[in-house]
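# Summary of the model geometry
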Amino acid sequence: MQTKTENMKQKIVPFLWFDKNAEEAVNFYVSCFKNSKAGSISRFDEATAKATGQPEGSVLTASFQLNGQEFIALNGGPVFKFTPCISFFVDCETEEETNELWEKLLKNGKALMDFKTYPFSKKYGWVEDQFGLSWQLNFSGGKQKINPLLMFTGKRAGKAGEAIHFYTSLFKKSEIISATHYAEGLGEPLENVVHARFSLDDEVFIVMDSSLKHDFNFTPAISFTVYCENQEEVDYFWSKLTADGKEVECGWLEDKYGVSWQIVPTVFIKLISQPDKEKAKRVMQAMMKMKKFDIKKLEEA
């Protein structure tokens, strides 16, 4: 059920699971952020509608860009819900921009951390929007950037530093950009990460630990799609990311930290986007029977 944005710039793309309002959410986010646009839309065919219980012909996925950052939204039903364990951290250039974005995202949503001055920021707030997706807004003075932030909670609190080294060992062109640990008096072990940034194939991620009592954790509502050029690359990422994790289906997996990924060959996107709808349908049906993608079987279909 994966689709790719038109220019295929990003190797790793955040994938957002909605119930029935993916298109509405896309239009809302595009209206909030500058330099943003909606992209292509795919619809449920007979096979995917039957497998998911969604109406045939309704929106399956919708791609979009927010200030150049690619996303994909899915109408997957009420199975998974967003949690603050994965949010999107937005560095803003001006206070006016930060204030405006806060007001838009807060509408029909709720504040998770008050929007105000903190020792670590001139202006910062954490908000859950009307669709349940979490955003952290930070007036940094630099050009606007949007990066996924992973918060390690519960039994996984204290694993952020380990996760950084694990993820950067898997992807080419990766690096640890910065890492700050908790200071004394903040109620966290000093070895825990309060804020760290790293890049995977030029895409920047942020991680943090939180030992506070939370009633949420990672869910497949937000996954990260990794686009692969060949079967060798599919096999590599599948093997590495399922180690001590678990295989799911249709290219989905859960890694040892509970973070969800989709390992997708780019040829699959070409095959399901071809003009011959019957061939594309057979490819989709073949994919629905797979866990790890098998390019040869997809091409045979």
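Above this text is the structure in question.
Being a predicted model, the structure only gives us computed values, none of them experimental.

### Focus on the pattern of salt bridges
Under the counting rule described, the total for this entry stands at 10 salt bridges. Of the charged contacts, one joins E97 and K34 as a salt bridge, the two residues approaching to 2.8 Å between their closest N and O atoms. Pair noted here: E97 is in helix 3 (residues 95-106) and K34 is in the loop between helix 1 (22-32) and strand 2 (37-43), with a separation of 63 residues, a long-range link. A relative accessible area of 15% means that E97 is categorised as buried. Close ionic contact of R197 with D91 constitutes a salt bridge, the shortest N to O distance being 2.9 Å. Linking R197 in strand 11 (residues 193-200) with D91 in strand 5 (residues 86-92), this pair joins segments that are 106 residues apart in sequence. The pair R197 / D91 is uniform in exposure class, with both members buried. Through salt bridges with shared partners, a single network forms among K34, E93 and E97.

### A few points about the packing of helix 1 against helix 3
Relative orientation of the contacting elements helix 1 and helix 3 amounts to 160 degrees, with a least axis distance of 10 Å. Taken together, the axes of helix 1 and helix 3 are roughly antiparallel relative to one another. You can see that helix 1 and helix 3 cross each other, and the crossing is right-handed. Between helix 1 and helix 3, the residues in contact are F28, S31 and C32 and L101, K104 and L105, respectively. Taken together, the residues of the contact of helix 1 with helix 3 sort by class into 4 nonpolar, 1 polar and 1 charged.

### Here's the deal with the packing of aromatic side chains
All chains considered together, the criterion is met by 33 aromatic pairs. With a centroid separation of 5.8 Å and an interplanar angle of 55 degrees, the aromatic rings of F28 and F131 are classed as tilted. In this pair, F28 is assigned in helix 1 and F131 in the loop between strand 7 (121-128) and strand 8 (134-139), connecting sequence segments 103 residues apart. We classify F28 as buried; its relative accessible area is 15%. Each ring, one from Y167 and one from Y257, has its centre 6.0 Å from the other, and the planes form 70 degrees; the classification is edge-to-face. Residue Y167 is located in helix 4 (residues 160-170), and its partner Y257 is located in the loop between strand 15 (252-254) and strand 16 (260-265); the two are separated by 90 residues in the primary sequence. With respect to burial, Y167 and Y257 carry one shared label: buried. Between K122 and the ring centre of F139, over which it is positioned, the NZ or CZ distance is 5.1 Å. The cationic tip of K256 hangs over the ring face of F166; the distance from NZ or CZ to the ring centre is 4.3 Å.

Conventions adopted
Residues numbered from 1 in each chain as written. Predicted model: local features only at pLDDT ≥ 70, side-chain atom pairs only at ≥ 80, totals over all residues. Heavy atoms only, no water. Salt bridge = Lys/Arg side-chain N within 4 Å of Asp/Glu carboxyl O. Helix = DSSP H or I, 4+ residues; strand = E, 2+ residues; numbered from the N terminus. Buried < 20%, exposed > 50% of the residue type's maximum accessible area, 1.4 Å probe, protein only. Axes fitted to C-alpha atoms, helices over the stretch in contact; angles between N-to-C directions. Parallel < 35°, antiparallel > 145°, perpendicular 65-115°, else oblique. Left-handed = near helix turned anticlockwise from the far one by under 90°. Contact = heavy atoms within 4.5 Å. Nonpolar A, V, L, I, M, F, W, Y, C, P; charged D, E, K, R; others polar. Phe/Tyr/Trp six-rings, centres within 6.5 Å; stacked < 30°, edge-to-face > 60°. Lys NZ or Arg CZ within 6 Å of the ring centre and 35° of its normal.

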